[in-house]
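Each chain, letter by letter, is given below.
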Amino acid sequence: MSQEGHIPPRLALRHKDPGVLVVEIAGDWLDRTGLPGVSEVEKELADDGLKALEFEAKDLGRWDSALMVRILAVHDLCAKANVEFRAQTLPKGLAKLIALSQAVPEKSDTARKEVAPSFLERVGESGLATWTGGEAMLSFIGESVLALLKLVRGHAQFRWRDMVEVMQSCGPRALGIVALINFLIGLILAFVGATELARFGASIYTADLVAVAAVREMGCIMTGIILCGRTGAAFAAQLGTMKVNQEIEAFQTFGISPFEFLVLPRMLALILMMPLLCIFADLIGIAGGFLVSTLMLNVAPTVYLNRTVESIHLSSFLLGVFKGSFFGVIVALTGCLRGLQCGTNAAAVGLATTSAVVTGITWIIASDGIFAVICSALHI
């Protein structure tokens, strides 16, 4: 900010004698922004004919460490270019500071040596990181439950319009990619099943295989993975960008809970949309198997449909829908958690997005395995 009586800083170059470069400094060197750089000096020092560099400071006004930093930068450039640095032409106070800074050279043995961490150190650091991550996830889940309870009581800082917008983004707009992936999964299941079952003369059971696999496992798990890479990454990028732009801090300053205002609509939207997407994925997967069986296996359409209806039990259907809703919660939690944990630079947004996708897919696969063990124990 300019002040009354402030003279703008200036740095100019001229050649005094053959091989001598003169740096003219003038004005007040007090501001931390808008100060002249030393790029022009660096260009001049690239000339092989230069032998010395000196200063002319007759018009120099007030100065502080800002000018000192520039002078030291010029000194380093002269050292690299093997050009004599004549500090005696500077004002006395500045010349003394320059001489003092160069009086005691850095000892070669004082530099910190990088030591590779041992195996136990790496294990310990990994354990601490895992413990910290688990603690953060549990805390985040607790805040989610509290936010849902406040919403039920009608005390949450929540806008239904935001949830509707997120529902549109993660629901209708995701139908295309969900249909494509699950249709291809249905085709693959039908091809693989038909190839193996044909060896036993049981090609008709391809319908059972596709129906049960799509309804119990593949429909919900593939939809969860798709939304993790599509919607979970978007959540992390959105909240991470808000963190970089300090919008999260702005919400807190105005007394608005970022969790209730930003996380809760996204979590509810996925909880509501995932069951519908799973049902849609089941139908598309069965349609893929139906196409293969009727066109390539010479199975009558009515026979295929009858086998499909007979093989699907209500418990299997509800299990797939429930797992889809659970996977939706995982996608929302991991995406929003990584977004709120994002750093304060652009690179951190990319890291948060990647971490959200990796964490979400890992937990989806792991939780599906846990569901499989529980269902096997309960004979579901």
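Residues numbered from 1 in each chain as written. Predicted model: local features only at pLDDT ≥ 70, side-chain atom pairs only at ≥ 80, totals over all residues. Heavy atoms only, no water.

All right, on to the overall build of the protein then. Helix and strand counts for the protein come out as twelve helices and five strands. The C-alpha radius of gyration computed for the protein amounts to 34 Å, which surpasses the reference 21 Å derived for 380 residues by more than 25%, pointing to a less compact arrangement than a globule. With respect to the three principal axes, the spread of C-alpha positions in the protein is 100 × 55 × 45 Å. Among the 380 residues that make up the protein, the fraction classed as buried is 41%. Sequence separation of at least 24 residues holds for 79% of the intrachain contacts in the protein that already meet a minimum separation of 6. Taken as two groups, the 30 positive and 34 negative side-chain charges of the protein have centres that lie 2 Å from each other. (Helix = DSSP H or I, 4+ residues; strand = E, 2+ residues; numbered from the N terminus. Rg over C-alpha atoms; globule rule 2.2 N^0.38 Å. Buried < 20%, exposed > 50% of the residue type's maximum accessible area, 1.4 Å probe, protein only. Contact = heavy atoms within 4.5 Å. Lys, Arg positive; Asp, Glu negative; His and termini not counted. Charge placed at Lys NZ, Arg CZ, Asp CG, Glu CD.)

Applying the stated criterion to the full structure yields six aromatic pairs. Geometrically, the ring pair formed by Phe290 and Tyr304 is edge-to-face, given 5.5 Å between the ring centres and 70 degrees between the ring planes. In this pair, Phe290 is assigned in helix α9 (residues 258-296) and Tyr304 in helix α10 (residues 301-311), connecting sequence segments 14 residues apart. For Phe290, a relative accessible area of 26% translates into the label partly exposed. A relative accessible area of 1% means that Tyr304 is categorised as buried. Ring centres 5.9 Å apart and planes at 90 degrees place the aromatic pair Phe322 and Phe371 in the edge-to-face group. In this pair, Phe322 sits in helix α11 (residues 314-340) while Phe371 sits in helix α12 (residues 346-378), placing the two residues 49 residues apart along the sequence. Among the aromatic residues, ring-to-ring pairing joins Phe322, Phe326 and Phe371 into one connected group. (Phe/Tyr/Trp six-rings, centres within 6.5 Å; stacked < 30°, edge-to-face > 60°.)

Let us now look at the packing of α9 against α10. In the contact formed by α9 and α10, the axes pass within 10 Å of each other and the chain directions differ by 145 degrees. Of the two possible hands of crossing, α9 and α10 adopt the one that is right-handed. In this structure, α9 uses Ile286, Gly289, Phe290, Ser293 and Thr294 to contact α10, whose residues at the interface are Pro301, Tyr304, Leu305 and Thr308. Its residues placed into classes, the contact of α9 with α10 shows five nonpolar, four polar and no charged. (Axes fitted to C-alpha atoms, helices over the stretch in contact; angles between N-to-C directions. Left-handed = near helix turned anticlockwise from the far one by under 90°. Nonpolar A, V, L, I, M, F, W, Y, C, P; charged D, E, K, R; others polar.)

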